[in-house]
Amino acid sequence: MAIWTNLSHYLTSKSKKANLYYVAATVILCCTFYVIGLWPQGGVNTTQLSSTTLLPTLPCNPSIKNTNSNYGSSISLDFTAHHTAADLVPLSPSARVNHFPSCNPELSEYTPCEDSKRSLKFDRNMLIYRERHCPEKNELLKCRIPAPFGYKPPFRWPESRDSVWYANVPHKHLTVEKAGQNWVRFKDDRFTFPGGGTMFPRGADAYIDDIGKLINLKDGSIRTAIDTGCGVASWGAYLLSRNIIPISFAPKDTHEAQVQFALERGVPALIGILATKRQPYPARAFDIAHCSRCLIPWGQYDGLYLIEVDRILRPGGYWILSGPPINWENHWKGWNRTAEDLKAEQDQIESVARSLCWKKVTQKGELAIWQKPTNHMHCKINRKVFRKPPFCQEQDPDKAWYTKIDACLNPLPEVSNVRDIAGGPLANWPERLTAVPPRIASSSIEGVTAEGFSKDTELWKKRVAHYKALDFQFAERGRYRNILDMNAWLGGFAAALVDDPVWVMNVVPVEAEVNSLGVIYERGLIGTYQNWCEAMSTYPRTYDFIHADSVFSLYQDRCEMEDILLEMDRILRPQGSVIFRDDVDVLVNVKSIVDGLQWDSRMVDHEGGPHVREKLLIATKQYWTAPAPDQDKQPS
C-alpha cells in the first residue's frame, strides 16, 4: 500500500513539471513571434510596451498614418461611414430597363382619363361622358409625353399670373371666342391675361372687392375656395394675393385649354366636372364655393349639384353665384332668354337652397350669396317641411373617389348647442396652419393625437430644410411654383413651404390606411384624392416639383412601378425635380426605371444619417421637346 502511494505521488509531481515546461515554451515562442512582428516598424522600445501605448500603433483605418516617432501622440479615429447611399446601384445590368421612347408629338397634351375619343363611348346624359374614364391596362402608353416644340420654362410668379408663353399652350381659340370678355389676349410670342371675365368686365380684382363688401375676406376666416367652371382661373389668380387659396376646375370641353392656361399661370387647378360623381374632396373642405356664369344647372336633378356643394362646404361657408339667372329682371333681354324662363330658374335655385337650410345673405347687382348653417339642429326639425332631400343614412361624407352623388343631405357632426359649430371651430388664417385641426382634436383620425400632429409639423420643417440643402433648385426662391405631394399624410411638407412663393397640391391616396385629407383642409391647405395606378386629372407639364414619400412602398403589388413613374414624367415639367423617400431596396428599383426615363438622379442618405434604411433619391427631368414641325404645317 505504501509503495502504491509513493508511486502515485511521483507520477503527479512529474506531470506538473512537464506542464510547467510546456507553458514556459509557449510563452517564449509567443514573445519571439511578437518581436518579429514588431521588427518592420523599427524594433522594440521597452518604454512603449504598456497597454495604453500599444493600441494606437495598430490603427483600424489604414488611412491614418503615423507622422511622429512617439507612438504615444494623440491620433484622431474616424468613425464615419465609408459607404453612402450614392454607392447603391442595381445589382446587375439586367436590372436596368430600356430607355422609354418618345410618344407621338400629337400627344403633347394627352390627358389619359379625359381622352376625347374614349369619352364618346359613354352616356351623354348628365355629361357622364366628360367624367373620368381611364384607359385599361392594355391601353397604357409606354412612352414619354413630349413638350411642344419651342417650349420654355414658365414665367416666374407673380409675372406668370399675367403672361404665358404661346409655345407652351399653342391654342388661340379662346382669344377669339372670348375676345369681348377680356379673358385672354395674344400678341407676339405670348398670351396675356387682363383679369377679365364674363361677369367681371372691370377685372377680377374689382369683382373680388365687390364680394369683399358683402362678406369678410380680410380677417382670415376665409382661406380655402373652390371655383366651379373656372375659365382661365382669373378669379382664383387674384384671390391668391389675399391669402385665400383656391382650387379651380373646369371640364375638358370646347374650351379645351382653360385649365391648362390656369396651370401655366401658376394657379391651382384640375380638370373636373359636376356630373354624377362626387368631387374628389372631403366633406367640410372649403370656406367658399363660387360660380360665375359656369352654366351648371343648379336647380335640376333634385338639386343634386347644390347638394354636392353643400357636402364640401364647411359649416358657415358661403356659396357665391353671379350671372344668369341673378338679376334677370335687368338682363333677360341680353341673355337671349325669356323673363319667365329665368325667373323659374332662380325660383328653383332658391327653393333648393332653402331645402338645404342655407340662408340667403344678400343679393346685390349680379351677385347673390348664400350661407350654409353652422350645424343641423334646426335643419333636422324642418325636415317636416322640406321632405327632400332627406338626410343620408350611414354614408361616409369624406368618401369621394368614384363615389356617386346621392340626392340626400350629408348630416353635419352632432352638437349640443344651437350656437356650436359642427365638427369644431376653425382658427383664422394664418393660425389655422399650426392649430390642432378639429378632426384631430375630436380623435376622428385614427392614431393621430394633438401631440403627434405638432411633432409631425416640426419634423417636416427639418426635412424641408434638409431637402433645400441637397437640391439647389428646390432651395432657389421662385424657381418652382406648382408643387405636388403624392402622399401628403397631414400636410406637413406643404406647411413647411408656406412662406415660399409656391402652392402645393396635397394628395391623399385612396389606398392610404387613414383618410387624412380633411385634416389638410382644416389646416388651410388644399388637396385631392388620387389612385396612383391611374392618371391624374391634369395636363402634361403641370408641376415644377414632385414629392413622393413612400409612394412605391404603398403601391407595391398594386400596379406597375413603371406606370406610376411614366405618369410622373407626364405631369412634370422639363427641368423639374422629384424627391423620392422610401426604403433603400425600393429606391434602387425606382432608380433603374428613372434612368430609363433619362432623368438625372442621385441617391443620398436620409437626414438621420447613413444607418437609416430609408434613403432619398433626387431626380431631375431633362429638357427635351417634340421635333420642329414641318415648314408647311403651323400650330393650331
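Above this text you will find the structure in question.
Note that this is a predicted model, so its numbers are computed, not measured.

Visitor: Which residues make up the overall build of the protein chain, and what values do they have?
Guide: Looking only at helices and strands, the protein chain has 19 helices and 17 strands in total. For the protein chain, the residues scored as buried account for 51% of the 636 residues in total. Considering only residue pairs separated by 6 or more positions, the protein chain has 68% of its internal contacts joining residues 24 or more positions apart.

Visitor: A description of the environment of Trp-183 should follow, citing residues and the corresponding values.
Guide: Assignment of secondary structure puts Trp-183 in the loop between helix H4 (173–177) and strand S2 (185–187). Classification of Trp-183 as buried rests on a relative accessible area of 10%.

Visitor: Quick rundown of the packing of helix H18 (residues 561–571) against helix H19 (residues 584–596)? Include the residues and the values.
Guide: Between two packed helices, what matters for the description is the angle formed by their axes and the separation of those axes. Between H18 and H19, whose axes approach to 10 Å, the crossing angle comes to 55°. When the axis of H18 is compared with that of H19, the two are oblique. The way H18 lies across H19 gives a crossing that is right-handed. Here Met-561, Glu-562 and Leu-565 of H18 come into contact with H19, specifically with Val-586, Asn-589, Val-590, Ile-593 and Val-594. For the contact of H18 with H19, the per-class residue count stands at six nonpolar, one polar and one charged.

Visitor: Can you tell me about the packing of aromatic side chains, naming the residues and giving the values?
Guide: Counted under the stated rule, the structure contains 23 aromatic pairs. A centroid spacing of 5.4 Å and a plane angle of 90° characterise the contact between Tyr-281 and Phe-286, whose relative ring orientation is edge-to-face. Judged on exposure class, the residue Tyr-281 and its partner Phe-286 are both buried. For the pair Phe-552 and Phe-580, a centre-to-centre distance of 6.0 Å together with 45° between the ring planes defines the contact as tilted. Within this pair, whereas Phe-552 is found in helix H17 (residues 551–554), its partner Phe-580 is found in strand S15 (residues 572–583), the two being separated by 28 residues in sequence. Members of the aromatic cluster, each reached through a chain of ring pairs, are Trp-460, Tyr-467, Phe-474, Tyr-480, Phe-493 and Phe-545. Above the ring of Trp-165, the side-chain terminus of Lys-152 is found at 3.9 Å from the ring centroid. If you follow Arg-223 out to its NZ or CZ, it ends over the ring of Trp-429, 3.6 Å from the centre.

Visitor: Tell me about unusual backbone geometry, residues and numbers included.
Guide: Glycine aside, residues mostly have negative phi angles, and peptide bonds mostly take the trans form. Omega for the bond connecting Trp-157 with Pro-158 falls within 30 degrees of zero, at 10°, which places this linkage in the cis form. You can see Pro-158 is positioned in the loop between helix H3 (116–119) and strand S1 (163–165). For the peptide bond that leads from Lys-388 to Pro-389, omega is -5°, which places it in the cis range. Within the fold, Pro-389 resides in the loop between helix H11 (377–381) and helix H12 (438–441). The phi torsion at Asp-188 lies on the positive side, around 60°, for a residue other than glycine. Backbone geometry places Asn-243, a non-glycine residue, at a positive phi of 60°. Mapped onto the elements of the fold, Asn-243 is located in the loop between helix H6 (234–239) and strand S5 (245–250).

Visitor: Go over the nonpolar core, please, and point to the residues and values.
Guide: Membership of the largest hydrophobic core comes to 130 residues, with the highest contact counts inside it found for Trp-298, Trp-319, Leu-484, Phe-493, Met-568 and Phe-580. Residue contributions to this core reach at least three from each of two domains, namely domain 1 (193–385) and domain 2 (431–621). Non-local contacts of Phe-580, meaning those with residues more than four positions away in its chain, are made with Ala-548, Phe-552, Leu-565, Met-568, Leu-587, Val-590, Val-594, Trp-599, Lys-615, Leu-616, Leu-617 and Ala-619. Within the second largest apolar cluster, 10 residues are counted, among which are Val-164, Val-184, Val-232 and Ala-257.

What counts, and where the lines are drawn
Residues numbered from 1 in each chain as written. Predicted model: local features only at pLDDT ≥ 70, side-chain atom pairs only at ≥ 80, totals over all residues. Heavy atoms only, no water. Helix = DSSP H or I, 4+ residues; strand = E, 2+ residues; numbered from the N terminus. Buried < 20%, exposed > 50% of the residue type's maximum accessible area, 1.4 Å probe, protein only. Contact = heavy atoms within 4.5 Å. Axes fitted to C-alpha atoms, helices over the stretch in contact; angles between N-to-C directions. Parallel < 35°, antiparallel > 145°, perpendicular 65-115°, else oblique. Left-handed = near helix turned anticlockwise from the far one by under 90°. Nonpolar A, V, L, I, M, F, W, Y, C, P; charged D, E, K, R; others polar. Phe/Tyr/Trp six-rings, centres within 6.5 Å; stacked < 30°, edge-to-face > 60°. Lys NZ or Arg CZ within 6 Å of the ring centre and 35° of its normal. Core = buried A, V, L, I, M, F, W, Y, C linked by side-chain atoms within 4.5 Å. Domains from an automatic or database assignment.

By themselves these figures say nothing about function.
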